[in-house]
Amino acid sequence: RQAVFFTNYGTGGLSRADIVNGVAQPSVSLGSIDGSPDGITLDACGNLYINDQGDSEMYRVFLDEAGDALGEPEELVDGAFPTNVANAQFGTGDGWEADSLYAIGVGGGLYRIAVGVPGASYVTVR
């Protein structure tokens, strides 16, 4: 997407900054959640997944081609994590489901959330 997506833990804000010629442009709001977003990842379709560390929830934000939000964040996990989680990553490699997110909870719990689509390819920088 040639963009950086980020959250604001204190306000619940979700934002995007486009990258043009290697330079981040002014950020654009994608909305917010009523919580403390801490951890964000993209799926292969370019949609965002956000963990709410404060309320043990997870959200998905559908994005259009430009990277703008299509509606409000969708709550995928409503306070159902037994412990707070700060980040989630898509499964890769033997024994991990590519179309699921895996979150580590405080105290070491591991939680799997099937989302039906694999994660976005990782970008490497030299």
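Basis of the calculations
Residues numbered from 1 in each chain as written. Predicted model: local features only at pLDDT ≥ 70, side-chain atom pairs only at ≥ 80, totals over all residues. Heavy atoms only, no water. Salt bridge = Lys/Arg side-chain N within 4 Å of Asp/Glu carboxyl O. Helix = DSSP H or I, 4+ residues; strand = E, 2+ residues; numbered from the N terminus. Buried < 20%, exposed > 50% of the residue type's maximum accessible area, 1.4 Å probe, protein only. Pairing = 2+ DSSP bridges. Axes fitted to C-alpha atoms, helices over the stretch in contact; angles between N-to-C directions.

## Some details on the pattern of salt bridges
Scanning all chains against the criterion turns up 3 salt bridges. Between Arg16 and Asp18 there is a salt bridge, with its nearest N and O atoms 2.8 Å apart. Measuring nitrogen to oxygen at the nearest pair gives 2.8 Å for the salt bridge that ties Asp68 to Arg16. With Asp68 in the loop between strand E7 (57-61) and strand E8 (74-77) and Arg16 in strand E2 (residues 13-20), this residue pair connects regions lying 52 residues apart in the sequence. When its relative accessible area of 5% is taken as the criterion, Arg16 is described as buried.

## Considerations on the sheet that holds E8
Spatially, E5-E6-E7-E8 is the arrangement adopted by the 4 strands of the open sheet, whose pairing is antiparallel. The sheet is open, and its two edges are formed by strand E5 (37-42) and E8, each paired on a single side. The average angle at which neighbouring strand axes cross in this sheet is 30 degrees, direction not considered. When strand E6 (residues 48-52) meets E7, the two strands line up antiparallel, connected through 5 bridges. Bridging from a neighbouring strand, Tyr49 pairs with Arg60 of E7.

From the geometry alone we can't say anything about function, so treat these as descriptive.
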